Amino acid sequence: MLKIDNLHVTVEGKEILKGLTLEVPAGEVHAIMGPNGSGKSTLAHVLAGRPGYEITGGTVTFQGRDLLSLPPEERAREGMFLGFQYPVEIPGVNNVYLLKAAVNAARKHRGLPEVDAFEFLTLVREKMRLMRMEESMLSRGVNEGFSGGEKKRNEVLQMLVLEPCLAVLDETDSGLDIDALKVVANGVNTLRAPQRSLVLVTHYQRLLDYIVPDRVHVLVKGRIVQSGDKTLALELERRGYDWLIGEAA
Amino acid sequence: MSNALLARLRDEYGAVRDALPDSVIGGERRLEAIEALCAQGLPTTREENWRYANLRVLERARFSPCASPAGMADLPAPLAGFTRFVFLDGVLAMGEPVQHAGLGVRSLRSGAQGPAPSMPQRIPALPEARLALLNEAFATDGAAIRVKREAAVPQIELLFIACAPAQAGASYPRVQLSIEAGARLTLVERHLSAGDAASLVNGALRVDLAEGARLDHYRLQQTSTRTAWFDTVEATLAQDARYSLIAVSPGALAARSTVHIRLAGPGAEVALSAAALGDRQQSLDTYVLSEHLAPRTRTEQIFRGIASGRARVAFNGKIAVRESARGTDSRQSLRGLLAGPEAEIDVRPQLEIYTDEVRCSHGATAGKLDENMLFYLLSRGLEPEVAQRLLKWAFLEDVVSRIELPALRRRIEHELAGQMSELASLKELLR
Ligand SMILES: Nc1ncnc2c1ncn2[C@@H]1O[C@H](COP(=O)(O)OP(=O)(O)OP(=O)(O)O)[C@@H](O)[C@H]1O
Ligand SMILES: [Mg+2]
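Report follows, based on the coordinates. Please read these numbers as outputs of a predicted model, since none were measured by experiment. (Residues numbered from 1 in each chain as written. Chains lettered and ligands numbered in written order. Predicted model: local features only at pLDDT ≥ 70, side-chain atom pairs only at ≥ 80, totals over all residues. Heavy atoms only, no water.)

1. What about the overall build of chain A?
Each helix and strand in chain A was counted, giving nine helices and twelve strands. For chain A, whose C-alpha radius of gyration is 18 Å, the value lies close to the compact-globule estimate of 18 Å for 249 residues. Considered along the principal axes of its C-alpha atoms, chain A spans approximately 55 × 40 × 35 Å. Across the 249 residues in chain A, those meeting the buried criterion constitute 55%. On chain A, roughly 10,600 Å² of surface is accessible, and the fraction owed to carbon and sulfur atoms is 47%. Of the charged side chains in chain A, 30 are positive and 33 negative, and the gap between their average positions amounts to 1 Å. (Helix = DSSP H or I, 4+ residues; strand = E, 2+ residues; numbered from the N terminus. Rg over C-alpha atoms; globule rule 2.2 N^0.38 Å. Buried < 20%, exposed > 50% of the residue type's maximum accessible area, 1.4 Å probe, protein only. Areas by Shrake-Rupley, 256 points an atom, 1.4 Å probe, with all protein chains shown as cover. Lys, Arg positive; Asp, Glu negative; His and termini not counted. Charge placed at Lys NZ, Arg CZ, Asp CG, Glu CD.)

The following block contains the structure:
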């Protein structure tokens, strides 16, 4: 599904990713953990195609294609989804309008006709119930005045409606209360499928109790320094990152 | 300002003066107007509050009025519930006069309908408003509207359609509106072009609101992008009068609108919301002055302007609080969006306060489309072009959402947003 090989990325003259290698096969859930500032969000943004990052080396293959050559909107239509660590508020752009425009963009890409407005709303309402979101949020501006947790739920709602092949969720669990964490995890779990992959960026092993990962990677100073199964997350919880930071230096 | 130009203006006036209808404006008053204008000179961009206007067309202008066109232009679909009057090149072409107890609407020219409505007193000419003098000198017709207190709020639509090319002369749309104590009116005023005529238009609008009167005024300037469009609004508000003005201006090659609002009675209130959308070579300039003359008066000014292509969009919003206006409350929110590398946007709040005890808050910003917002939309698969349009649309929402007539709002949304119009239908589905 996703293959990152020796990726080097520079932001404003500073190298952030320093030869990152990672492979996520179809159907698997991988977690990426690591200290603040280690480059997790940078990786997520680079995968989604955010401008401002200079790729100085390496390759990224997504479903056999060179991901880095695609503009961001095409990556999305090809089935890549980024759940933002800090979802943007866009006052004046209707939440439901964005959802529909996003769905139609992907459908058009696949040669399908636009969704029927009524069926679309039925689907969205169903997913909202799953995410325990108030329906009034649909007619509000995108994330406008949403609480931190509501924004995160809205990201997951978008993901559920778009049904991507690869979702990268950047700290979608941060800022969620205990019940919301379960709701979000439950939502994410409904997407698990053999043809779909998930990358979870998180600081908390608790999320991984609900969404059990196939692999856990530790990102330190722009490189994956350790990979393992779900028990690695437990070990990190116990030991912190210090023992790995030594190795990265 | 060259003397040659003023001499030509005088000559042109002299050549047509005898043909100008007395019933619209008396000869003496016209002459006064031309003299007053010549004494001041035509505006130039060397003047602070004319800096951003495109005034070059005035130098080449033919000031004398064009001949009234024959025939009828294509008209937009009527607005349900509104009584429509159509003016071609400033002259009434369609619409029966209304004359009953609560409402009088008539063409200024038609002397047959009884005595001409009394001419409003001239307001001491503000240099920014002096193109109203040009209108006064040359006007060939106009609408006179008088509203008295009545159970139902009258709804009037005035369509001004510019037909003649500027070489054939200018047109002078004119409205004299007075609303009596406690009465109310909803007015939609649209300025359009016949096809892509390259016209010269110089309109003037006088509004007098008596005690407790209320005017909801929607102005759409949608003339062709070859038209030079000048316009002066002068409004006087008596005690507790309320004026809501919503102006949306996507049209004209060169537009300059001057709005002078005098809050003359205690408790009077004006809310002005303006949106201007310039693209390609368009130059859209607005100057607004809220003059607070009485205690406890209120102003709210909202401006949202977008400049794309090589367009230049400017808004200059001044709030003047005179000594007599204690307890004034004024708010300004002026925002410009720069949507092209060669575009230009200027938003300028000005405050002039001569008394204590006032509350004035203002914010003015000009910037580009937010990169984070843009990327968020792209990351959801939206075409860059659609994403930009959506963000521009959102930027205008602060103004468009204030349009309280759903049918009109929908129409404006459709016209401004093109494909974005499905947004409106989705909203309805959700209700
Ligand atoms: N635009 C930028 N200019 C300069 N430095 C940047 C920029 N963007 C990111 N960085 C730096 O890159 C490094 C990695 O940032 P990144 O956001 O990827 O970290 P992270 O692993 O997601 O951290 P966190 O766990 O706190 O979210 C940080 O040191 C950050 O300061
Ligand atoms: Mg981060």
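2. Here we look at the coordination of the magnesium ion (ligand 2)
Residue and element names in this part refer to chain A. Within the protein, the magnesium ion (ligand 2) binds to Ser41 (OG) and Gln85 (OE1); these donor distances fall in the range 2.0 to 2.2 Å. Within this pair, whereas Ser41 is found in helix 1 (residues 40-48), its partner Gln85 is found in the loop between strand 6 (80-83) and strand 7 (90-94), the two being separated by 44 residues in sequence. Owing to a relative accessible area of 16%, Gln85 belongs among the buried residues under this scheme. (Donors = N, O, S within 2.8 Å, 3.2 Å for Na, K, Ca; no water.)

3. Quick look at the side chain of Gln205 of chain A
All names here are of chain A. Within the element layout of this structure, Gln205 appears in helix 7 (residues 205-210). Assessed through its relative accessible area of 8%, Gln205 is described here as buried. Engagement of the side chain of Gln205 in a polar contact is seen with the side chain of Asp209, the distance being 3.0 Å. Apart from the residues lying within four places of it in its own chain, the contact partners of Gln205 are Met33, Ala233, Leu234 and Glu237. (Polar contact = N/O pair within 3.5 Å; in protein donor to acceptor, adjacent residues only side chain to side chain. Contact = heavy atoms within 4.5 Å.)

4. Quick look at the environment of His109 of chain A
Residues and elements named next belong to chain A. When you line up the elements, His109 lands in helix 3 (residues 95-109). Take His109: its relative accessible area is 34%, and that puts it in the partly exposed class. In the structure, His109 is positioned 31 residues away from Glu78 in sequence and 8.0 Å away in space, judged by C-alpha atoms. If near-sequence neighbours (up to four positions away) are discounted, His109 is found in contact with Glu74, Arg77 and Glu78.

5. Here we look at the packing of aromatic side chains
As enumerated under the stated definition, the model contains six aromatic pairs over all chains in all. Plain terms: the ring middles of Phe84 of chain A and Phe375 of chain B are 5.8 Å apart, the flat faces sit at 70° to each other, and that makes the pair edge-to-face. Note that Phe84 of chain A is positioned in the loop between strand 6 and strand 7 and Phe375 of chain B in helix 5 (residues 371-378), a pairing that runs across two chains. There is no split in this pair, since Phe84 of chain A and Phe375 of chain B are both buried. Relative to Tyr376 of chain B, the ring of Phe84 of chain A has its centre 4.9 Å away and its plane inclined at 45°; by these criteria the two rings are tilted. Taken together, the positions of Phe84 of chain A in the loop between strand 6 and strand 7 and Tyr376 of chain B in helix 5 put the pair across two chains. For Phe84 of chain A, a relative accessible area of 3% corresponds to the buried category. (Phe/Tyr/Trp six-rings, centres within 6.5 Å; stacked < 30°, edge-to-face > 60°.)

6. Here we look at the pattern of salt bridges
All names here are of chain B. All chains considered together, the criterion is met by 34 salt bridges over all chains. One salt bridge in this structure joins Glu35 and Arg10, with 3.4 Å as the shortest N-O distance. One end of the pair, Glu35, is in helix 2 (residues 27-40); the other, Arg10, is in helix 1 (residues 3-16), and 25 residues separate them in sequence. In this structure Glu35 comes out as partly exposed when scored by relative accessible area, which is 37%. Put simply, Arg298 and Asp329 hold a salt bridge, and the shortest N to O gap is 3.7 Å. Within this pair, whereas Arg298 is found in strand 16 (residues 298-307), its partner Asp329 is found in strand 18 (residues 329-338), the two being separated by 31 residues in sequence. Several salt bridges converge on common partners, so that one network encompasses Glu291, Lys318, Arg322 and Glu352. (Salt bridge = Lys/Arg side-chain N within 4 Å of Asp/Glu carboxyl O.)

7. A short note on the packing of helix 2 of chain B against helix 4 (residues 131-138) of chain B
Helix packing for two helices is described by the angle between their axes and how far apart those axes are. Residues and elements named next belong to chain B. Axis separation between helix 2 and helix 4 bottoms out at 8 Å; the angle between their running directions is 145°. The interaxial crossing formed by helix 2 with helix 4 has left-handed handedness. For the pair formed by helix 2 and helix 4, the contact residues are Arg29, Arg30, Ala33, Ile34, Ala36, Leu37 and Gln40 on the first element and Leu133, Leu134, Glu136, Ala137 and Phe138 on the second. Looking at side-chain class alone, the contact of helix 2 with helix 4 contains eight nonpolar, one polar and three charged residues. (Axes fitted to C-alpha atoms, helices over the stretch in contact; angles between N-to-C directions. Left-handed = near helix turned anticlockwise from the far one by under 90°. Nonpolar A, V, L, I, M, F, W, Y, C, P; charged D, E, K, R; others polar.)

Without other data, these values stay purely geometric and don't point to any function.
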